[in-house]
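Structural overview
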Amino acid sequence: MPFENAPHLVFWEVTKACPLSCKHCRANAIDKPLPGELSTEESKKLLEDIARFGKVVIVFTGGDPLSRSDIFEIMEYAKSLGLIVSIAPSPSYRLRDETMKMISNYARYMSISIDGATSQTHDWLRGLGSYNYALRGIELGLKYGIQVQVNTLVWKKSYSELPFLVKLLKELGVKVWEVFFLIPVGRGVIELDIPKEKYKDVIDFLVETTRYDLVVRTVEAPFFRRAKLEYTPSTIKSNELVSKLRELLGEPVKDVDKSVLPTRDGSGVIFIGYNGDVYPSGFLPLYLGNVRKESIVDIYRKSEVLKIIKDGRFDGKCGVCKFNNICGGSRARAFAVYNNPFAEDPMCPY
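Reading the values: rules and limits
- Residue indices begin from 1 for each chain and proceed along its sequence in written order.
- The predicted origin of the model limits local features to residues at a pLDDT of at least 70 and limits the giving and counting of side-chain atom pairs to 80 or more, whereas totals for whole chains, interfaces and linings rest on all residues.
- To get the side-chain values, all heavy atoms of the structure are used, and hydrogens and water are removed first.
- Start and end positions for the domains come from either an automated domain assignment or a database one.
- Buried area counts how much accessible surface, traced with a 1.4 Å probe, disappears from two parts once they are put together, with both parts' losses summed.
- We define a polar contact as two N or O atoms separated by no more than 3.5 Å, with the added condition that, inside protein, one atom must be a possible hydrogen donor and the other a possible acceptor, whereas residues neighbouring each other in sequence contribute only through side-chain atom pairs.
- Residues are grouped as follows: Ala, Val, Leu, Ile, Met, Phe, Trp, Tyr, Cys and Pro are nonpolar; Asp, Glu, Lys and Arg are charged; all remaining types, including Gly, are polar.
- Each helix corresponds to a stretch of at least 4 residues labelled H or I by DSSP, and each strand to a stretch of at least 2 residues labelled E; elements are numbered beginning at the N terminus.
- For salt bridges, the criterion is a side-chain nitrogen of Lys or Arg within 4 Å of an Asp or Glu carboxyl oxygen.
- Working definition: with a 1.4 Å probe on protein chains only, accessible area under 20% of the residue-type maximum means buried, over 50% means exposed, and in between means partly exposed.
- To get an axis, fit a line to the C-alpha atoms, keeping to the stretch in contact for a helix; angles then go from 0 to 180 degrees between the N-to-C directions.
- When describing relative orientation, an angle under 35 degrees is termed roughly parallel and one over 145 degrees roughly antiparallel, while 65 to 115 degrees is termed roughly perpendicular and anything else oblique.
- Note on contacts: a residue pair qualifies if any of its non-hydrogen atoms lie within 4.5 Å across the two residues.
- Ring pairs shown here join Phe, Tyr and Trp side chains whose ring centres sit within 6.5 Å, with only the six-membered ring taken for Trp; geometry is labelled stacked below 30 degrees between planes, edge-to-face above 60, and tilted in between.
- By definition, being over a ring means that NZ of Lys or CZ of Arg is both within 6 Å of the ring centre and within 35 degrees of the ring normal.
- Should the near helix be turned anticlockwise from the far one by less than a right angle, the crossing is left-handed, and should it be turned clockwise, the crossing is right-handed.
- One fewer than the residue count of a helix, multiplied by 1.5 Å, yields its expected span.

A separate point is the domain arrangement of the chain. Segmentation of the chain into domains returns domain 1 (9-314) and domain 2 (315-349). The distance between the C-alpha centroids of domain 1 and domain 2 comes to 21 Å. Of all residues in domain 1, the largest losses of buried area upon contact with domain 2 belong to Lys196, Phe223 and Phe314, amounting jointly to 29% of the total for that side. Here domain 1 and domain 2 share 10 residue pairs in polar contact (both at pLDDT 80 or more) between them. Split into classes, the residues belonging to the side of domain 1 that touches domain 2 amount to 19 nonpolar, one polar and 11 charged.

Next comes the structure, spelled out in structure tokens:
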């Protein structure tokens, strides 16, 4: 596997503190930092260790990373070490002009969440006013030359709005859309999820969306990669989302993007909690170690759990599927449903 010795993405939850209380959040965010947060000095030592992987992407997340008073100091240090810096601030009042200008000094990438095409849908999930803060943050990020990615959760209320979201992203000038599929952890309760039979409709819609000059990625839906590779015009049958997309944007402008980056929870991706605890991803709460006691490099390379994940040694249909290497199913969903990170993905539509 290409990520045997180094991840592509290191997610670091620099704090639990956040001004929002989103209904689906895996972080169970709170108003104030929790005791045990890595100090500035510990943070810099961690970044030095992460730099041993090479030129990886370090994503400062939370909570809201802007809740940390030293966030720009540690972002600056990460950049000085040659790491590719990204930040995922909450869509809140903190996304002001001067803040975005500071972010642009250190971060190449930024992700902001929009979880519905309307303020009513988004704000129901994330809190009153959050939708407008998100739009403002995107506009300011693009103004200051940051490569802005929009993150969207697929859930019951956003499902029918997905084509309208694509139209909104095109109007805003956003080039990258990362679409999250629900994992029942934290406040991400199963009641918010769409029915399993709708998963394939969303996946086919996302494949079609790549034809409108938008880079589309998924989180906890790696079977999207198979759908891209198997695409032919005849594979997209009756689909209300695709029909609405055509109605809003006209005919596609290019062929399907069939590029694949075969990351999965614990392979190409690693997550560090606010207190230094390490997990395969933010959605897979399987403890691997703590950076206060062990090197993140050693944890990633030597963990027996991660070796199994990297090798794709899974049970059920994920273990025998010929797309095992590029997909492998969501390890987080397997763990959430079966309490087994190596089980098959119960929501895979194939």
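Along the polypeptide, Glu13 turns up in strand β1 (residues 9-13). Here the side chain of Glu13 touches Lys16 through a polar contact of 3.4 Å, side chain to side chain. At a separation of 2.9 Å, a polar atom in the side chain of Glu13 contacts the main-chain amide nitrogen of Tyr274.

Summed over all chains, the structure comprises 25 salt bridges. Salt-bridge contacts for Glu13 lead to Lys16; the nearest nitrogen and oxygen are separated by 3.4 Å. Neither Glu13 nor Lys16 differs from the other in exposure class; each is buried. Between Glu41 and Lys45 there is a salt bridge, with the nearest N and O atoms lying 3.5 Å from each other. Taken together, the residues Glu41 and Lys45, both in helix α1 (residues 40-50) and four residues apart, mark about one turn of the helix. Each member of the pair, Glu41 as well as Lys45, is classed as exposed. Salt bridges sharing common partners tie together Glu208, Arg211, Arg246 and Glu251.

Closest axis-to-axis distance for the helix α7 (residues 196-209)/helix α9 (residues 240-249) pair is 8 Å, and the angle between their directions is 30°. The angle between the axes of α7 and α9 places the two elements in the roughly parallel class. Here Lys198, Asp201, Val202, Asp204, Phe205, Glu208 and Thr209 of α7 come into contact with α9, specifically with Glu240, Leu241, Val242, Leu245 and Arg246. In terms of residue class, the contact of α7 with α9 is made up of five nonpolar, one polar and six charged.

This part covers the environment of Val260. By the secondary structure assignment, Val260 is in the loop between α9 and β8 (264-265). Between the C-alpha atoms of Val260 and Arg226, which are 34 residues apart in sequence, the distance is 9.0 Å. If we skip the residues at most four places from it in the chain, Val260 touches Arg225, Leu229 and Ile326.

What follows covers the environment of Lys237. Here Lys237 shows up in the loop between α8 (223-229) and α9. Residue Lys237 is classed as exposed on the basis of its relative accessible area, which comes to 66%. Sequence separation between Lys237 and Gly62 is 175 residues, and the spatial gap between their C-alpha atoms is 39 Å.

Following the criterion strictly, the structure yields nine aromatic pairs and no others. Taking the centre distance of 5.3 Å and the plane angle of 55° together, the rings of Phe181 and Tyr199 count as tilted. A residue pair is termed long-range when its members are at least 10 positions apart, and Phe181 in strand β6 (residues 176-181) and Tyr199 in helix α7 qualify at 18 residues. Taken as a pair, Phe181 and Tyr199 share a single burial class, namely buried. Aromatic pair Tyr279 and Tyr287: ring centres 6.4 Å apart, planes at 70°, arrangement edge-to-face. According to the relative accessible area criterion, Tyr287 is partly exposed, its value standing at 48%. Ring pairing ties together the aromatic residues Phe271, Tyr279 and Tyr287, which thus form one cluster. Between the NZ or CZ atom of Lys157 and the centre of the ring of Trp124, over which it lies, the distance is 4.1 Å. One residue, Arg331, lies across the ring of Phe314, its end atom 3.9 Å from the ring centre.

To continue, consider the packing of α1 against helix α2 (residues 71-80). Between α1 and α2, whose axes approach to 10 Å, the crossing angle comes to 20°. By the criterion of interaxial angle, the relationship of α1 to α2 is roughly parallel. Helix-helix and strand crossings are classified by hand; for α1 and α2 the assignment is right-handed. Residues Thr40, Ser43, Lys44, Leu47 and Glu48 of α1 form the contact with α2, whose participating residues are Glu73, Ile74, Tyr77 and Ala78. The residue inventory of the contact of α1 with α2, partitioned by class, reads four nonpolar, two polar and three charged.

What follows covers helix α5 (residues 130-143). Taking 1.5 Å per residue as the helical rise, α5 with its 14 residues ought to reach 20 Å, and the 20 Å between its terminal C-alpha atoms agrees with that figure. Among the residues of α5, those classed as buried are Ser130, Tyr131, Ala134, Leu135, Gly137, Ile138, Leu140 and Gly141. Packed against the buried residues of α5 are α3 (97-106), β4 (109-113), α4 (119-126), β5 (147-154) and α6 (162-172). Two residues or fewer past α5, Gly145 is found with a positive phi of approximately 80°.

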